[in-house]
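Each chain, written out:
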Amino acid sequence: LVTLLGILILYGNRDVMLANYFASGDDHTFQLSFSADAVGQTAPIVSVELNRDHLRDPNFWFIILGFPTCLGLILPLLNFCLRRLSLWLNDIENHRTEAEHRSYFIIKVFAF
């Protein structure tokens with residue numbers, strides 16, 4: 001649940017920043033603002049003319065590629081940590097049989 005909320009906040013912020021970037025006109029001011037308030041905001045991108053200036057601007061590429069890259073790096077790390085936590089919690093429970101141990105480990109992995 002926390003992971004899904006984090007993904008929603010991350011992409012909500014990306015969409016708001018992208019809309020602000022294109023709405024800024026030719027000056028392409030960029031402000032990195034990250035908050036949970038961006039989830040409910042609607043900032044539509046009305047019209048976009050992608051030109052060479054956009055493709056040369058590092059802020060544009062940070063918005064477009066930075067957030068998905070961050071998410072792509074964080075999710076496997078989070079998966080590893082939660083799997084280790086599941087294994088640790090399962091080992092603490094001291095199940096009687098190996099089959100019971102595996103069954104409860106699978107339940108914990110799917111729960112996280």
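As a reminder, the structure under discussion sits directly above these lines.
Presented here is a report on the structure given in the accompanying data block. Owing to the predicted nature of the structure, the values given are computational and were not obtained by experimental measurement.

**Section: the overall build of the chain**
Secondary structure assignment for the chain yields 4 helices and 0 strands. The order of helices and strands in the chain, counted from the N terminus, is α-α-α-α. Classification of the 112 residues of the chain by burial places 22% in the buried group. For the chain, restricting intrachain contacts to residue pairs at least 6 apart in sequence, the fraction spanning at least 24 positions comes to 62%. Accessible surface, the chain as shown: approximately 8400 Å² in total, 62% of it carbon and sulfur.

**Digging into the packing of aromatic side chains**
The full count for this structure, using the stated rule, is 1 aromatic pair. Centre to centre, the rings of Phe60 and Trp61 are 5.3 Å apart; their planes meet at 75°, and the pair counts as edge-to-face. The exposure class assigned to Trp61 is partly exposed, which follows from its relative accessible area of 36%.

**Points about the nonpolar core**
Within the largest apolar cluster, 9 residues are counted, these being Leu10, Met17, Leu18, Tyr21, Phe22, Phe60, Ile63, Phe67 and Leu71. Mapped onto this core, the elements with two or more residues apiece are helix 1 (2-23) and helix 3 (58-93). Top element by residues in this core is helix 1. It accounts for 5 residues.

**Observations concerning the layout of surface pockets**
Once rolled over the atoms, a probe with the size of a water molecule shows which space is left empty. Estimated volume of the largest pocket: approximately 160 Å³. Contributing to the lining of the largest pocket are 11 residues, with Thr3, Gly6, Ile7, Leu71 and Ile74 lying nearest its centre. Secondary-structure elements contributing two or more residues to the lining of the largest pocket are helix 1 and helix 3. Looking at the lining of the largest pocket residue by residue, the class counts come to 9 nonpolar, 2 polar and no charged.

**Some thoughts on unusual backbone geometry**
Residue Asn94 is not a glycine yet carries a positive backbone phi of 55°. With respect to the helices, strands and loops of the structure, Asn94 is situated in the loop between helix 3 and helix 4 (98-111).

**A short note on the pattern of salt bridges**
Counting across every chain of the model gives 1 salt bridge. Notably, a salt bridge pairs Lys108 with Glu93, separated by 3.0 Å at the nearest N-O pair. Residue Lys108 is found in helix 4, and its partner Glu93 is found in helix 3; the two are separated by 15 residues along the sequence. Overall, the relative accessible area of 14% leaves Lys108 in the buried class.

Cut-offs and rules
- Residues numbered from 1 in each chain as written.
- Predicted model: local features only at pLDDT ≥ 70, side-chain atom pairs only at ≥ 80, totals over all residues.
- Heavy atoms only, no water.
- Helix = DSSP H or I, 4+ residues; strand = E, 2+ residues; numbered from the N terminus.
- Buried < 20%, exposed > 50% of the residue type's maximum accessible area, 1.4 Å probe, protein only.
- Contact = heavy atoms within 4.5 Å.
- Areas by Shrake-Rupley, 256 points an atom, 1.4 Å probe, with all protein chains shown as cover.
- Phe/Tyr/Trp six-rings, centres within 6.5 Å; stacked < 30°, edge-to-face > 60°.
- Core = buried A, V, L, I, M, F, W, Y, C linked by side-chain atoms within 4.5 Å.
- 1 Å grid on protein atoms, 1.4 Å probe; cavity = no way out; pocket = protein on both sides within 12 Å on 5 of 7 lines; lining within 4 Å.
- Points joined across faces, edges and corners; volume = space filled by probe spheres on them.
- Nonpolar A, V, L, I, M, F, W, Y, C, P; charged D, E, K, R; others polar.
- Salt bridge = Lys/Arg side-chain N within 4 Å of Asp/Glu carboxyl O.

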